[in-house]
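So the chains spell out like this:
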Amino acid sequence: MSDIPTIESEALASIENAGDLAALDAVRVAELGKKGRVSGLMKTLGKMSPEERQEMGPKLNALKERVTAAIEARKAVLEDEALEAQVAAEKIDLTLPARPEPVGRLHPVMQVFEEIAAIFGDMGFAVAEGPDIEDDWHNFTALNFPEGHPARETHDTFFMAPDKEGAQKVLRTHTSPVQIRTMVEEAPPIRIIAPGRVYRNDWDATHTPMFHQVEGLVIEDGVHMGHLKGCLIDFVKAFFEIDEVEARFRPHFFPFTEPSAEMDVKCDRSGGQMKIGEGEDWMEILGCGMVHPNVLKNCGIDPDKHQGFAFGVGVDRLAMLKYGMPDLRPYFEADPAWTRHYGFRPWLTPSVSGGLS
Ligand code: DAH
């Protein structure tokens, strides 16, 4: 059996030369398969005399083991190479710029929040926040709603379950409690807006149980109704992107302001379309007034030394007016077709200098 060394060196050479897993498998079949060379040698053992078999058995077994081991070793190398090639082919370059067409869209209400923040930010207002779940004192009492006052009932409040002391928190019915939180925490001068969600038990074509408001508060020496009017007229012009707007301030009642007013702007309702700043109709857009002395006192601010104004505006309706959305309900339906149509590109942050919409 002099060909054992020859077979071994030939087999090891072809194993070493196998360039890929398929070529290696062909070598395996040619040597160790049923009709392979090494297998052929193994079969000759059966025909040998016991003495020959004793001598040749270990040699042939050792040959088979070495060839098997060489194939396994080469296989491991080729598998590693194949994996590396696959990883290289599938590599994603994370430094590539984002695809040009952003898939998501910003909801119009979020867009309008950002536009409002940009306009008031330009006038020196900071953004303040408060919790959605409020206590009765911040939502009503500190805002000068006396206990049992009928104005409390008009808010259709959602009450939380009573705590151990029997006190019931509420889902805030307006963003006005953020005025209170700000005045309790900060000394004048104060100039903030507070955008956020508010809740009332009301559900029809023009009301949803959760909606959005932006509150405004200015406490500064010497401010009066004239500043309030100028500030809000500037806001309306900037928001609707119009040069002129005619506005009127109609006396109204809010417990937390005195005097209080509702602001109406001239609009045109003809042709089934609403245009702000033109026409002969009036449209109510927000509530406002001079901060009531009792509210200042409740927050530890001396009304003889400081005064200020406040306003509150419903954001959902402002968005409907500006972007011509006829119905409030799709706001909450998460229909991708609606969002694609009315939504905004997420990265184009509105700014007064760069453009709002
Ligand atoms: N909080 C009022 C509401 O939800 C809106 C409002 C009116 C806020 C007048 C104000 C204000 O700050 O001065 O109906």
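Placed above this text is the structure.
Residues numbered from 1 in each chain as written. Predicted model: local features only at pLDDT ≥ 70, side-chain atom pairs only at ≥ 80, totals over all residues. Heavy atoms only, no water.

Participant: Would you take a moment to explain the environment of Asn-139 for this structure?
Facilitator: Along the chain, Asn-139 turns up in helix H6 (residues 136-139). Between the alpha carbons of Asn-139 and Gln-111 there is a distance of 27 Å; along the sequence they are 28 residues apart. Setting aside anything within four residues of it in sequence, one finds Asn-139 in contact with Glu-134, Phe-145, Val-170, Arg-172, Thr-173, His-174 and Pro-177. (Helix = DSSP H or I, 4+ residues; strand = E, 2+ residues; numbered from the N terminus. Contact = heavy atoms within 4.5 Å.)

Participant: Mind showing me how you'd approach the pattern of salt bridges here?
Facilitator: For side chains of opposite charge, pairing can occur when their charged atoms come near one another. Taken as a whole and assessed by the stated rule, the structure comprises 20 salt bridges. Across the pair Lys-322 and Glu-241 runs a salt bridge whose closest N-O atoms are separated by 2.8 Å. Separated by 81 residues along the polypeptide, Lys-322 in helix H11 (residues 315-323) and Glu-241 in the loop between helix H9 (225-240) and strand S6 (247-254) bring together distant segments of the chain. In this structure, the salt-bridge partner of Asp-281 is Arg-269, at a minimum N-O distance of 3.9 Å. Note that Asp-281 is positioned in strand S9 (residues 281-291) and Arg-269 in the loop between strand S7 (257-268) and strand S8 (275-276), a separation of 12 residues in sequence. Ionic contacts of the salt-bridge type, sharing partners, join the residues Arg-248, Arg-250, Glu-262 and Asp-264 into one network. (Salt bridge = Lys/Arg side-chain N within 4 Å of Asp/Glu carboxyl O.)

Participant: Looking at this structure, how should I read the packing of helix H3 (residues 37-44) against helix H4 (residues 50-89)?
Facilitator: The geometry of a pair of packed helices is captured by two quantities: the angle between their axes and the separation between those axes. Close contact between H3 and H4 brings their axes to 10 Å; oriented N to C, the two are set at 160°. Relative to H4, H3 is oriented roughly antiparallel. For the pair H3 and H4, the crossing hand works out as left-handed. Along the contact surface, H3 presents Val-38, Leu-41, Met-42 and Thr-44, while H4 presents Leu-60, Asn-61, Leu-63 and Lys-64. Of the residues belonging to the contact of H3 with H4, the class tally is five nonpolar, two polar and one charged. (Axes fitted to C-alpha atoms, helices over the stretch in contact; angles between N-to-C directions. Parallel < 35°, antiparallel > 145°, perpendicular 65-115°, else oblique. Left-handed = near helix turned anticlockwise from the far one by under 90°. Nonpolar A, V, L, I, M, F, W, Y, C, P; charged D, E, K, R; others polar.)

Participant: Teacher, can you tell me more about helix H5 (residues 108-122) here?
Facilitator: An α-helical turn contains 3.6 residues, so a residue and the one three or four places further along point in the same direction. Compared with the 21 Å implied by 1.5 Å per residue over 15 residues, the 21 Å span of H5 between its first and last C-alpha is a close match. Taken together, the buried positions of H5 are Pro-108, Val-109, Gln-111, Val-112, Phe-113, Glu-115, Ile-116, Ala-118, Ile-119 and Phe-120. Looking at the buried side of H5, the elements it contacts are strand S4 (190-199), strand S5 (210-219), H9, strand S10 (308-314), H11 and helix H12 (336-342). (Expected span 1.5 Å × (residues − 1). Buried < 20%, exposed > 50% of the residue type's maximum accessible area, 1.4 Å probe, protein only.)

Participant: Explanation requested: the packing of aromatic side chains in the structure shown.
Facilitator: What characterises a pair of aromatic rings is the spacing of the ring centres plus the angle enclosed by the ring planes. The full count for this structure, using the stated rule, is 12 aromatic pairs. Both rings, one in Phe-120 and one in Phe-311, keep their centres 5.2 Å apart while their planes meet at 25°; by these two values the pair is stacked. Placement of the pair is Phe-120 in helix H5 and Phe-311 in strand S10, with a sequence separation of 191 residues. Neither Phe-120 nor Phe-311 differs from the other in exposure class; each is buried. Counting every residue linked through ring pairs, the aromatic cluster contains Phe-120, Phe-125, Phe-235, Phe-239, Phe-240 and Phe-311. Directly above the ring of Phe-239 sits Lys-322, whose terminal nitrogen or CZ lies 4.6 Å from the centroid. (Phe/Tyr/Trp six-rings, centres within 6.5 Å; stacked < 30°, edge-to-face > 60°. Lys NZ or Arg CZ within 6 Å of the ring centre and 35° of its normal.)

Participant: What is the right way to look at the site of the ligand in this model?
Facilitator: Contacts to the ligand come from 15 residues, most closely from His-174, Ser-176, Arg-200, Gln-213 and Glu-215. Within the side chain of Gln-213, a nitrogen or oxygen atom sits 2.9 Å from an oxygen atom of the ligand. With respect to the ligand, the backbone of Ala-310 contributes an N or O atom lying 3.2 Å from an oxygen atom. Protein contacts shield 91% of the accessible area of the ligand, which totals 360 Å² for the unbound molecule. For the shell around the ligand, the elements supplying multiple residues, two or more each, are S5, S9 and S10. Split by residue class, the shell around the ligand holds five nonpolar, eight polar and two charged. (Near = heavy atom within 4 Å. Polar contact = N/O pair within 3.5 Å; in protein donor to acceptor, adjacent residues only side chain to side chain. Areas by Shrake-Rupley, 256 points an atom, 1.4 Å probe, with all protein chains shown as cover.)

Spatial relationships are all this shows, so hold off on functional conclusions.
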